[in-house]
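# Chains, contacts and geometry: an overview
Here is how the chains run, residue by residue.
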Amino acid sequence: MLTFVFVCLSVSVTGLHAFTVTVANPSVKVKENEGVDLKCSYSADFGSSPRVEWKFRDHKGSQTLVYFDNQPTGKYVGRITKYEGGIRFNKVTRADTGNYDCEVSGNTGYDEKTIRLTVLVPPSKPVSRIPTSVTTGSNAVLTCFDVDGSPPSTYIWYKDNTPLPVDPTKFPNFKNLTYKLNSNTGNLEFASVSKLDTGSYFCEANNGEGVPQRGDAVRMEVRDLNVGGIVAGVIVALLAVGLLLFGLWYAKKKGYLPSKKSRKQDKTTSCLYTAQNR
């Protein structure tokens, strides 16, 4: 009994307060165009009229005031309602995905908690870039990106309608393929393509919301380096240079081109003519 009285007196004398902010759910998910509540409560230590603010941070780290000075701000006017214990969005959009900080201050105390809001949006048809022709031994990168999916989509690549495993070395049918597949970024990279990599490719985006979406199929042809064509080109260039040199030699021999001596005499004559005119 004496111990209990001593603890109570100690708390009263030192002014120890909890100043605790509590959120009902730190991670909230809701479909686009639906309403949602972000619940945030606080202990009585803050007093009867504490200062409550809400701030939003997007995935780039940019921060915006949502509720400040007892009223919604900017684009949140008419979209949110503040009540005792949280705020309510009348309707959310994909741009509302991010972190919401509930900050409470009063009686010299302060605390804050964060709620992660994810607005669920199905993926759209992914945009892919697939080269149509590459040379054997060269590097080739196929890209795939879904601009709408929330949360972000993961990606699967198909070759000739067969899904490619992330690690081809673990599957006998793909062990001869030397690609790298990043299912998070959607990149499919061939460090050194071979004839085996020729085929029709397309990607698929999926984030667990709605139906997975597929991009357009594009055939990638892997061709050998045309050594014969390169050699022929070099020979033609050498022949052209040889013909040019022969033409210059022949023209000089026949006197079609002025010699150095005649050019010097012409210059001397020109100088004398100019001097006489003066």
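Per an unreviewed UniProt entry, the recorded name for the chain is Junctional adhesion molecule A, and the organism is Cyprinus carpio. Its UniProt record gives the chain the following Subunit (unreviewed entry) comment, quoted word for word: "Interacts with the ninth PDZ domain of MPDZ. Interacts with the first PDZ domain of PARD3. The association between PARD3 and PARD6B probably disrupts this interaction. Interacts with ITGAL (via I-domain). Interacts with CD151." The record held by UniProt for the chain lists under Sequence similarities (unreviewed entry) the comment "Belongs to the immunoglobulin superfamily."

## With respect to the sheet that holds strand E13 (residues 140-145)
The four strands lie next to each other as E11-E13-E17-E16, forming an open sheet whose pairing is antiparallel. A single partner strand is all that each edge strand has here, and the edge strands are strand E11 (127-129) and strand E16 (179-182). Averaged over all neighbouring strand pairs, the angle between strand axes comes to 5 degrees, with direction disregarded. Examined bridge by bridge, E13 and strand E17 (residues 187-190) share three bridges and lie antiparallel to one another. Paired with Ala-140 across the bridge in E17 is Phe-190.

## Considering the side chain of Glu-103
Checked against the element boundaries, Glu-103 lands in strand E9 (residues 98-106). A residue is classified by how much of its surface remains accessible, and Glu-103, at 11% relative accessible area, is buried. A polar contact is formed between the side chain of Glu-103 and the side chain of Lys-55, at a distance of 3.4 Å. Not counting residues up to four positions away in its chain, the partners in contact with Glu-103 are Arg-51, Val-52, Glu-53, Lys-55, Tyr-110, Asp-111 and Glu-112.

## Observations concerning the nonpolar core
In this structure, Val-36, Leu-38, Trp-54, Val-66, Phe-89, Tyr-100 and Leu-117 are the most contacted members of the largest nonpolar core, which totals 26 residues. Counting residues per element, the ones that place at least two in this core are strand E1 (21-23), strand E2 (27-31), strand E3 (36-42), strand E4 (51-57), strand E5 (63-68), strand E8 (86-89), E9 and strand E10 (109-120). Among all residues touching Val-36, those that are not within four sequence positions of it are Val-28, Val-30, Ile-87, Arg-88, Phe-89, Val-92 and Leu-117.

## Thoughts on the environment of Val-222
With respect to the secondary-structure elements, Val-222 resides in strand E20 (residues 218-223). Residues Val-222 and Gly-199 lie 23 residues apart in sequence; the distance between their C-alpha atoms is 8.7 Å.

## Brief notes about the packing of aromatic side chains
Going through the model one piece at a time under the given rule, you end up with eight aromatic pairs. Between Tyr-42 and Phe-46 the ring centres are 6.1 Å apart and the planes differ by 90 degrees, which places this aromatic pair in the edge-to-face class. With a relative accessible area of 25%, Tyr-42 lands in the partly exposed category. Accessibility expressed as a relative area gives 2% for Phe-46, which makes it buried.

## Here we look at the pattern of salt bridges
Taken as a whole and assessed by the stated rule, the structure comprises twelve salt bridges. A salt bridge links Arg-51 to Glu-53; the nearest nitrogen and oxygen atoms lie 2.6 Å apart. Under the relative-accessibility criterion, Glu-53 is labelled buried at 11%. Here Arg-57 ties to Asp-101 by a salt bridge, and the two come within 3.0 Å at their closest N and O atoms. With Arg-57 in strand E4 and Asp-101 in strand E9, this pair connects stretches of sequence that are 44 residues apart. Through salt bridges with shared partners, one network takes in Glu-32, Arg-94 and Asp-148.

## Things to note about the pairing of E13
Remark: a regular strand shows side chains that alternate across the two faces of the sheet. Burial along E13 is one-sided: Ala-140, Leu-142 and Cys-144 are buried, while Val-141, Thr-143 and Phe-145, pointing the other way, are not. When E11 meets E13, the two strands line up antiparallel, connected through three bridges. Directly across from Ser-128, in E13, lies its bridge partner Cys-144.

Definitions and limits used
- Residues numbered from 1 in each chain as written.
- Predicted model: local features only at pLDDT ≥ 70, side-chain atom pairs only at ≥ 80, totals over all residues.
- Heavy atoms only, no water.
- UniProt positions renumbered as here; feature names shortened; annotations may be inferred.
- Pairing = 2+ DSSP bridges.
- Helix = DSSP H or I, 4+ residues; strand = E, 2+ residues; numbered from the N terminus.
- Axes fitted to C-alpha atoms, helices over the stretch in contact; angles between N-to-C directions.
- Buried < 20%, exposed > 50% of the residue type's maximum accessible area, 1.4 Å probe, protein only.
- Polar contact = N/O pair within 3.5 Å; in protein donor to acceptor, adjacent residues only side chain to side chain.
- Contact = heavy atoms within 4.5 Å.
- Core = buried A, V, L, I, M, F, W, Y, C linked by side-chain atoms within 4.5 Å.
- Phe/Tyr/Trp six-rings, centres within 6.5 Å; stacked < 30°, edge-to-face > 60°.
- Salt bridge = Lys/Arg side-chain N within 4 Å of Asp/Glu carboxyl O.

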